Amino acid sequence: MAMANNQTIWLQDFTLLGLTNNAKNELILFVFFLVVYVVTVLGNSLMVITITLSSTLHSPMYFFLRNLSILDVCYSTSTVPKLLLDFLSDVKSISFFECVAQLYSFISFGGIECLLLAAMAGDRYVAICMPLRYTEVMNWKMCMILATLCWIIGLLNSLAHTVFTFRLPFCRSRSLNHFFCDIPPLLALSCADTTINEVVVYTAGGSVIVVSFMLTILSYIFIVKSILEIRTTTGRQKAFSTCASHLVVVMLYYGTIVFTYLRPTSTYSLDQDRVVPILYGIITPMLNPIIYSLRNKEVHGALTKAILRKHRRH
């Protein structure tokens, strides 16, 4: 009987404290996140449809961009619909199993995005620094291997974090000082020793983040070096403009993730840190199609052709 009671307590719902308790602010935030989510889903879905239907965009670069767009829809969907629902609810609760699923999906998609950004940077490195060998190196088999590895490593990494997080007893409280189930606020609720969890975060999670970040930055260093060798000023400016926008997204994404996970738990301030995931988990998925795709002339051309083709049919 005691064991059954303990298991019942262990599987109790969590309460999400959210971003604010002010009803007026909740309405404003509801509208803001609804707009962001709609833009994210529409922008990324448009990219997936355009790349799939346009034969001119069937290249390795757009293969990775389509993966990124699919991933960003999933990434945003792991937290935003629940957040929007909570803005309209008096009781902001989440069941134990929903919390497990949310943590696993959020960490999975975050890790996959880190690795996918590194793969995309590698693709651009080969295209710019090794143009004569591009089709040989970045063939479809290589693209499939890289994308598959990104998904497998990301899913396994998240599985390790999820298992080690939910093996803990949550006996201090069931109120999460966050708007979704994440590792730092869950660790804060445990009355057990979380040293092993921190080791897993720093080793498994840190390896995914740091290695993919270093590969991404290294690729861009070689890309910039090649750009500097371009003789025409116009060509250099165009290349630098593209690289600069990509690097802004990369630095924003990796910087906020490192700030959230790769620092001592003693420095956590959950009241402030719960805002940081908005940048990498909600805002970045919205910006990616704008930065990586919608500013691209090839994508513009493919969209224009698709619209004209549909107009002629009518």
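Structure shown above.
The structure reproduced in this document is the subject of the present report. (Residues numbered from 1 in each chain as written. Predicted model: local features only at pLDDT ≥ 70, side-chain atom pairs only at ≥ 80, totals over all residues. Heavy atoms only, no water.)

Take the packing of helix 2 (residues 23–53) against helix 4 (residues 80–87) next. Packing of helix 2 against helix 4 brings their axes to within 9 Å, and their N-to-C directions diverge by 155 degrees. Taken together, the axis directions place helix 2 and helix 4 in an arrangement best described as roughly antiparallel. Between helix 2 and helix 4 lies a crossing of left-handed hand. Contacts from Glu26, Leu29, Phe30, Phe33, Leu34 and Tyr37 of helix 2 reach helix 4 at Val80, Pro81, Leu83, Leu84 and Phe87. Taken together, the residues that form the contact of helix 2 with helix 4 break down as 10 nonpolar, no polar and one charged. (Axes fitted to C-alpha atoms, helices over the stretch in contact; angles between N-to-C directions. Helix = DSSP H or I, 4+ residues; strand = E, 2+ residues; numbered from the N terminus. Parallel < 35°, antiparallel > 145°, perpendicular 65-115°, else oblique. Left-handed = near helix turned anticlockwise from the far one by under 90°. Contact = heavy atoms within 4.5 Å. Nonpolar A, V, L, I, M, F, W, Y, C, P; charged D, E, K, R; others polar.)

As for its position among the elements, Asn67 is in helix 3 (residues 60–77). Here Asn67 falls in the buried class, since its relative accessible area comes to 14%. Aside from chain neighbours lying at most four places away, what touches Asn67 is Leu116, Ala147 and Trp151. (Buried < 20%, exposed > 50% of the residue type's maximum accessible area, 1.4 Å probe, protein only.)

A word on the pattern of salt bridges. A complete count under the given rule lists four salt bridges for this structure. Note that Arg124 and Asp123 form a salt bridge whose closest N and O atoms lie 3.0 Å from each other. Its relative accessible area of 1% is what places Asp123 among the buried residues. Between Glu136 and Arg133 there is a salt bridge whose closest N-O contact spans 3.7 Å. For Arg133, a relative accessible area of 43% translates into the label partly exposed. (Salt bridge = Lys/Arg side-chain N within 4 Å of Asp/Glu carboxyl O.)

Bringing the nonpolar core into the picture now. Ranked by internal contacts, the top residues of the largest apolar core, which has 72 residues, are Phe14, Leu186 and Tyr292. The greatest single-element share of this core, amounting to 15 residues, is contributed by helix 5 (residues 96–129). Every residue in contact with Phe14, bar those within four places of it in the chain, is listed here: Lys92, Ser93, Ile94, Phe96, Cys99, Phe166, Phe170, Arg174, Leu176, Leu186 and Leu189. Counting five residues, the second largest nonpolar core, distinct from the first, contains Ala121, Tyr220, Ile227 and Cys243. (Core = buried A, V, L, I, M, F, W, Y, C linked by side-chain atoms within 4.5 Å.)

To continue, consider the sheet that holds strand 2 (residues 93–94). The mixed open sheet is built from three strands, whose spatial order is 2-1-3. Each edge of the open sheet is held by one strand with a lone partner, namely strand 2 and strand 3 (175–176). Note: strand 1 (residues 14–16) against strand 2, two bridges, orientation antiparallel. Considered in strand 2, the bridge of Thr15 is made with Ser93. (Pairing = 2+ DSSP bridges.)

Turning next to the state of the cysteines. Going through the model one piece at a time under the given rule, you end up with two disulfides. At a sulfur-sulfur separation of 2.0 Å, the disulfide partner of Cys99 is Cys181. Between Cys99 and Cys181, the disulfide has an S-S torsion of -120 degrees and is therefore left-handed. Taken as a pair, Cys99 in helix 5 and Cys181 in the loop between strand 3 and helix 8 (183–189) lie far apart in primary sequence, 82 residues in all. In this structure Cys181 comes out as buried when scored by relative accessible area, which is 0%. Cys171 shares a disulfide with Cys191; S-S distance 1.6 Å. Classification of the bridge connecting Cys171 and Cys191 rests on its S-S torsion, roughly -105 degrees, and on that basis the disulfide is left-handed. Placement of Cys171 in the loop between helix 7 (140–165) and strand 3 and of Cys191 in the loop between helix 8 and helix 9 (195–228) is noted, with a sequence separation of 20 residues between them. On the basis of relative accessibility, which here comes to 45%, the residue Cys171 falls in the partly exposed class. Each bonded cysteine of the protein is numbered by sequence order, and under that numbering the disulfide pairs are 1-3, 2-4. (Disulfide = S-S within 2.5 Å.)

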